[in-house]
Amino acid sequence: MEQQIIENPLSSWQAPAPNPEWIAALEAGKVLYFPNMAFELLPSERAFLTPAARDPKARNISLDAAGHLKGAAGDTAAQIALALMIGRFREQALALIDSLLPDYKNNLRLAPTSYRPMQVESRSQSWRADDKRLHVDAFPSRPNYGERILRVFTNINPDGVPRVWRVGEPFETVARQFLPRAKPYKRWQAKLLHALKITKSLRSEYDHLMLQLHDGMKSDLDYQARAQQVPMPFAAGSVWVCFSDQASHAVMSGQYMLEQTLHLPPEKQYNPTASPLAILTRLSGHPLI
Ligand SMILES: O=C(O)CCC(=O)C(=O)O
Ligand SMILES: [Fe+2]
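Residues numbered from 1 in each chain as written. Chains lettered and ligands numbered in written order. Predicted model: local features only at pLDDT ≥ 70, side-chain atom pairs only at ≥ 80, totals over all residues. Heavy atoms only, no water.

> When you look at empty space enclosed by the protein in this model, what are you seeing that I'm missing?
The gaps of empty space that remain are located by a probe, the size of a water molecule, rolled over the atoms. Using the criterion set out here, one finds two cavities of 30 Å³ or more in the structure. Lining the largest cavity, in full, are Asp137, Ala138, Phe139, Arg142, Asn144, Tyr206, Asp207, Met210 and Leu211. For the lining of the largest cavity, a count of residues per class yields five nonpolar, one polar and three charged. Counted as a void, the second largest cavity has a volume near 30 Å³. In terms of lining residues, the second largest cavity is bounded by Gln4, Ala28, Gly29, Val167, Gly168, Glu169, Pro170, Phe171, Gln246, Ala247 and Ser248. Considering only residue class, the lining of the second largest cavity consists of five nonpolar, five polar and one charged. (1 Å grid on protein atoms, 1.4 Å probe; cavity = no way out; pocket = protein on both sides within 12 Å on 5 of 7 lines; lining within 4 Å. Points joined across faces, edges and corners; volume = space filled by probe spheres on them. Nonpolar A, V, L, I, M, F, W, Y, C, P; charged D, E, K, R; others polar.)

The structure is reproduced here in C-alpha cells:
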C-alpha cells in the first residue's frame, strides 16, 4: 500500500517555506508526522498532567474560539493557567498551519482547542463513539456541507508514552467499499432530524454519506481487522497533522494530547478535487450539497 504517513524532520512550529509535496500529501489524506516538533510545557504546567485536570462531569477540556475554557476542574487561578497553556498550543498550531499551507490563510475557521488528559485504553464506549475503531470523522449533529476538518495533534505525555494510532487506507478506497452499502439519503428524514433539533441545520446528502462511512466502518468488525492499515506510535514530544474527515484513523492507546481543529471550505484547498466532497460527488454521480 502507498505510504499513508509522511515523516517530516521540521522541529520549529514555523516552516521555513511551504512545500508542494507536503501540501499534496496532506490534501491526499495522508498524515504529516513531525517527530522532532514538541510543545514545551512550563514547569508549572506539569501540574495539569493528570486526569484530575478534567471536570468529571465533562467529556473533554476545551478552549473555545472566544477563549472560554470548558470542562476543566480546579480553582480560578488553575483554570486561567490551563487556558493559557491551551491557548499557547493554539497559537503554535495556527503558526504551523499558516507556514505549511499559506493559501489557507483567511479561509480557516477556528474550532475549539481540546486537551485530552484521559488514558485512551481505559475508556469504554458505544461502538459509534469508539475512536479505537478505524473511521473518518463525521459529526452527527453539525452538518458541514463538505467543509474540511483539519487537525493538529501533539502528544505531551511526560513519561515517553506514545499515542498509538492505526492509520487506514485512502479515502477513495474506503468510499468504494462503503458507498454501495450506504442507506439512501431521504430529504424528509433530514427535515425531521432538523425539526427535532437533532441536527443544527438540514443534514445534506454529503453529511449523510459521511456518517454512513463513519458508521459503516466502525460497525464492521471484519473490516476493522482486515482493512489495510499501519500501527503508528506518535512519540511523546511530537506533532502530527491530518484532514481527519479523510484520513482513516483509530486511536489505540496513550494519554495527554492537545488537539486543534480548523475548518476550511473545500473550494479553498490547493486541489479541491482531492476533497471528500469531490470524491463522493464523483463516485455517486450527482451533487451532494
Ligand atoms: O484521541 C485521539 O488520538 C484521536 C481520536 C479521534 O479519532 C479524533 O480526535 O478524531
Ligand atoms: Fe476521529
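> I keep staring at the coordination of the iron ion (ligand 2) and nothing clicks. Help me out?
Six octahedral donors around a metal ideally make angles of 90 or 180 degrees; four tetrahedral donors ideally make 109.5 degrees. The protein atoms that coordinate the iron ion (ligand 2) are His135 (NE2), Asp137 (OD) and His249 (NE2), at distances of 2.1 Å. Spacing between the donor residues of the iron ion (ligand 2) along their common chain follows H-x1-D-x111-H. Of this pair, Asp137 sits in the loop between β5 (109-116) and β6 (148-155) while His249 is found in strand β10 (residues 249-253), placing the two residues 112 residues apart along the sequence. Owing to a relative accessible area of 7%, His249 belongs among the buried residues under this scheme. (Donors = N, O, S within 2.8 Å, 3.2 Å for Na, K, Ca; no water. Helix = DSSP H or I, 4+ residues; strand = E, 2+ residues; numbered from the N terminus. Buried < 20%, exposed > 50% of the residue type's maximum accessible area, 1.4 Å probe, protein only.)

> Explain the side chain of Ser244 to me, please; I cannot follow it from the model alone.
Along the chain, Ser244 turns up in the loop between β9 (238-243) and β10. Taking relative accessible area as the criterion, Ser244 reaches 0% and is therefore assigned buried. Not counting residues up to four positions away in its chain, the partners in contact with Ser244 are Val136, Asp137, Ile149, Arg151 and His249. (Contact = heavy atoms within 4.5 Å.)

> Mind showing me how you'd approach the packing of aromatic side chains here?
Aromatic rings in a pair are described by how distant their centres are and how their planes are angled relative to each other. Tallied over the full model, the rule gives eleven aromatic pairs. Look at Trp13 and Phe89: their rings are 6.1 Å apart centre to centre, the planes differ by 85°, and that puts the pair in the edge-to-face class. Of this pair, Trp13 sits in the loop between β1 (5-7) and α1 (20-27) while Phe89 sits in helix α2 (residues 76-100), placing them 76 residues apart in sequence. Counting every residue linked through ring pairs, the aromatic cluster contains Tyr33, Phe153, Trp165, Phe234 and Trp240. Across the ring face of Phe139, the terminal group of Arg142 is positioned such that the distance to the ring centre comes to 4.4 Å. Positioned above the aromatic ring of Phe243, the side-chain terminus of Arg148 is 4.1 Å from the ring centre. (Phe/Tyr/Trp six-rings, centres within 6.5 Å; stacked < 30°, edge-to-face > 60°. Lys NZ or Arg CZ within 6 Å of the ring centre and 35° of its normal.)

> Whenever I open this one, the packing of helix α3 (residues 171-178) against helix α7 (residues 276-284) confuses me. Can you help?
Two packed helices can be described by the angle between their axes and the distance between those axes. Contact geometry for α3 and α7: axes closest at 11 Å, N-to-C directions at 40°. Viewed along their axes, α3 and α7 adopt a mutual orientation that is oblique. The handedness of the crossing between α3 and α7 is right-handed. Facing Phe171, Glu172, Ala175 and Arg176 of α3, the residues of α7 in contact are Pro276, Ile279, Leu280, Arg282 and Leu283. Residues belonging to the contact of α3 with α7 are distributed by class as follows: six nonpolar, no polar and three charged. (Axes fitted to C-alpha atoms, helices over the stretch in contact; angles between N-to-C directions. Parallel < 35°, antiparallel > 145°, perpendicular 65-115°, else oblique. Left-handed = near helix turned anticlockwise from the far one by under 90°.)

> What is the right way to look at the packing of helix α5 (residues 205-219) against α7 in this model?
Where α5 contacts α7, the two axes come as close as 11 Å, and the packing angle between them is 95°. By the angle between their directions, the pair α5 and α7 is classed as roughly perpendicular. Here Tyr206, Leu209, Met210 and Leu213 of α5 lie close against α7, whose contacting residues are Pro276, Leu277 and Leu280. Across the contact of α5 with α7, the residue classes tally to seven nonpolar, no polar and no charged.

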